[in-house]
Amino acid sequence: MSIEQVLRERLATLSPSHLEVVNESSGHGGYYPGKESHFKAVIVSEAFAGLRQVQRHQKVYAAVGDLLSPEKIHALAIHAFVPEEWSGQDTTSPECAHAPKN
């Protein structure tokens, strides 16, 4: 099973009403086809109700567990919302300074 698939399964434990997982590895230095090192996760869940942003991230880290390690996921951009906050949010990732140049 790919790291992306495992990441999706673990984030699904937060009962999201919306879950988007994007492998952004190709936009970072050292990329090669099939690399799974940099991800973005957009998660909309009632599990975040009443939590500050740092607490939401801690909840995501707890769900993801050992996937956040140098030999697995190097970077995870987290966008965590409750349903009322979700509409119209910009979750665009900035370009990496070490991205391969075309």
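Structure first, text after, so check above.
Now for a quick tour of the structure. (Residues numbered from 1 in each chain as written. Predicted model: local features only at pLDDT ≥ 70, side-chain atom pairs only at ≥ 80, totals over all residues. Heavy atoms only, no water.)

Here the focus is the pairing of strand 2 (residues 38–44). Counting buried residues in strand 2 gives 7 out of 7 residues, a clear majority hidden from the surface. Side-chain alternation along strand 2 places His38, Lys40, Val42 and Val44 on one buried face and Phe39, Ala41 and Ile43 on a second face that is also buried. Sheet analysis places strand 2 next to strand 3 (residues 75–81), joined by 7 bridges and oriented parallel. Looking across to strand 3, one finds that Ile43 is bridged to Ala80. Regarding topology, helix 2 (residues 53–64) serves as the crossover connection from strand 2 to the parallel strand 3, and that connection is right-handed. (Buried < 20%, exposed > 50% of the residue type's maximum accessible area, 1.4 Å probe, protein only. Helix = DSSP H or I, 4+ residues; strand = E, 2+ residues; numbered from the N terminus. Pairing = 2+ DSSP bridges. Right-handed = clockwise from strand over helix to strand, strands pointing away.)

Moving on, we get to the sheet that holds strand 1 (residues 18–23). Spatial ordering of the open sheet is given by 1-2-3, a layout of 3 strands whose pairing is mixed. Of all strands in the sheet, those bounded by a partner on one side alone are strand 1 and strand 3. Strand-to-strand twist across the sheet, computed as the mean angle between neighbouring axes with direction ignored, equals 10 degrees. Bridge analysis of strand 1 against strand 2 gives 6 bridges, and the strand direction is antiparallel. For His18, the partnering residue across the bridge sits in strand 2 and is Val44. (Axes fitted to C-alpha atoms, helices over the stretch in contact; angles between N-to-C directions.)

Here the focus is the pattern of salt bridges. Within the structure shown, the criterion is met by 5 salt bridges. A salt bridge links Asp66 to Arg10, with the shortest nitrogen-to-oxygen separation between them at 2.7 Å. A residue pair is termed long-range when its members are at least 10 positions apart, and Asp66 in the loop between helix 2 and strand 3 and Arg10 in helix 1 (residues 3–12) qualify at 56 residues. Here Asp66 falls in the partly exposed class, since its relative accessible area comes to 43%. Note that Lys72 is salt-bridged to Asp66, the shortest N-O span being 3.3 Å. By relative accessible area, which is 30% here, Lys72 ends up partly exposed. Three or more residues joined by partner-sharing salt bridges are found here, namely Arg10, Asp66 and Lys72. (Salt bridge = Lys/Arg side-chain N within 4 Å of Asp/Glu carboxyl O.)

Once that is clear, we can look at the packing of helix 1 against helix 2. Running from amino to carboxyl end, helix 1 crosses helix 2 at an angle of 125 degrees, the nearest separation of the two axes being 8 Å. One way to sum up the angle between helix 1 and helix 2 is to call them oblique. Remark: the crossing between helix 1 and helix 2 carries right-handed chirality. Listed contacts from helix 2 to Leu7, Arg10 and Leu11 of helix 1 are Val60, Ala63 and Val64. The class makeup of the residues in the contact of helix 1 with helix 2 is 5 nonpolar, no polar and 1 charged. (Parallel < 35°, antiparallel > 145°, perpendicular 65-115°, else oblique. Left-handed = near helix turned anticlockwise from the far one by under 90°. Contact = heavy atoms within 4.5 Å. Nonpolar A, V, L, I, M, F, W, Y, C, P; charged D, E, K, R; others polar.)

Here we take up the environment of Leu68. Relative to the assigned elements, Leu68 resides in the loop between helix 2 and strand 3. Setting aside residues up to four positions removed in sequence, Leu68 forms contacts with Tyr61, Ile73 and Leu76.

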